[in-house]
Amino acid sequence: MKIICIGRNYREHAKEMKSEIPQVPVFFMKPDTALLRNNQPFYYPDFTKELNYELEVVLRINRLGRNISKRFANRYYDALTLGIDFTARDLQQECKQKGLPWEKAKAFDYSAPIGDFILKDEFPDIFNIDFRLEINDEVVQKGNTSDMIFSYDELISYVSSFVTFRTGDLLFTGTPAGVGKVNIGDRLKAYMGDKLMLDFFVK
Ligand code: MG
């Protein structure tokens, strides 16, 4: 399986990164070795001094598809959860400045903790989900899926014109404003509505 991540899909986040609002979705990938599940602890990597959290809604792809049209895209995912797109911001800035790819800043081992999936039919409205991240019981990031620049269906349609989706692939749909640093010893808890989706320590 593969993990496809969307960048700059919330206006306020694009602003805080001093990035332009994209005209088409920006995407990149993480390998399956980036996954971290079951609230296992995350070990702070020694190659960065500025590890950032980015809390994101994650879709689970449930069938094979390429060149998926927008009107059928909703048939290609069946469940949602929250995930963190851990980013070595110092390395990413360096890569950006040099015009180099971001992989070492984004695709490293365990850089994608995810919660358990909830079937999309169990949500009252997947286009209006409040989600938030707490670090040591303080809210540090809040978002709502209604603020996405590109909808789930637009993302799936666009990405699938370049890359085939397979069953079990994951789509990180972008982070809202409020990204920031994590430190060793922090406890991260992420909620969709009032449901606790992630609860793990940085060690
Ligand atoms: Mg992200």
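Residues numbered from 1 in each chain as written. Predicted model: local features only at pLDDT ≥ 70, side-chain atom pairs only at ≥ 80, totals over all residues. Heavy atoms only, no water.

## Quick notes on helix α4 (residues 152-159)
Most of α4 sits inside the fold, with 6 of its 8 residues counted as buried. Within α4, burial applies to Tyr-152, Asp-153, Leu-155, Ile-156, Ser-157 and Val-159. Buried residues belonging to α4 abut β1 (3-7), β2 (26-30), β5 (55-61), β6 (77-84) and β12 (170-172). (Buried < 20%, exposed > 50% of the residue type's maximum accessible area, 1.4 Å probe, protein only. Helix = DSSP H or I, 4+ residues; strand = E, 2+ residues; numbered from the N terminus. Contact = heavy atoms within 4.5 Å.)

## A look at the coordination of the magnesium ion
Donor atoms from the polypeptide that bind the magnesium ion are Glu-54 (OE), Glu-56 (OE) and Asp-85 (OD), placed at 2.0 to 2.1 Å. Summarised as a motif, the one-chain spacing of the donors to the magnesium ion is E-x1-E-x28-D. With a gap of 31 residues between them, Glu-54 in the loop between β4 (51-53) and β5 and Asp-85 in the loop between β6 and β7 (87-88) connect regions that are remote in the sequence. Residue Glu-54 shares its accessibility class with Asp-85, and that shared class is buried. (Donors = N, O, S within 2.8 Å, 3.2 Å for Na, K, Ca; no water.)

## Some thoughts on the side chain of Asp-85
Judged by relative accessible area, which is 0%, Asp-85 ranks as buried. For Asp-85, the side chain forms a polar contact with the side chain of Lys-106, separated by 2.9 Å. If we ignore the near neighbours within four places in the chain, the residues touching Asp-85 are Phe-28, Lys-30, Asn-52, Tyr-53, Glu-54, Glu-56, Lys-106, Ser-111 and Phe-172. (Polar contact = N/O pair within 3.5 Å; in protein donor to acceptor, adjacent residues only side chain to side chain.)

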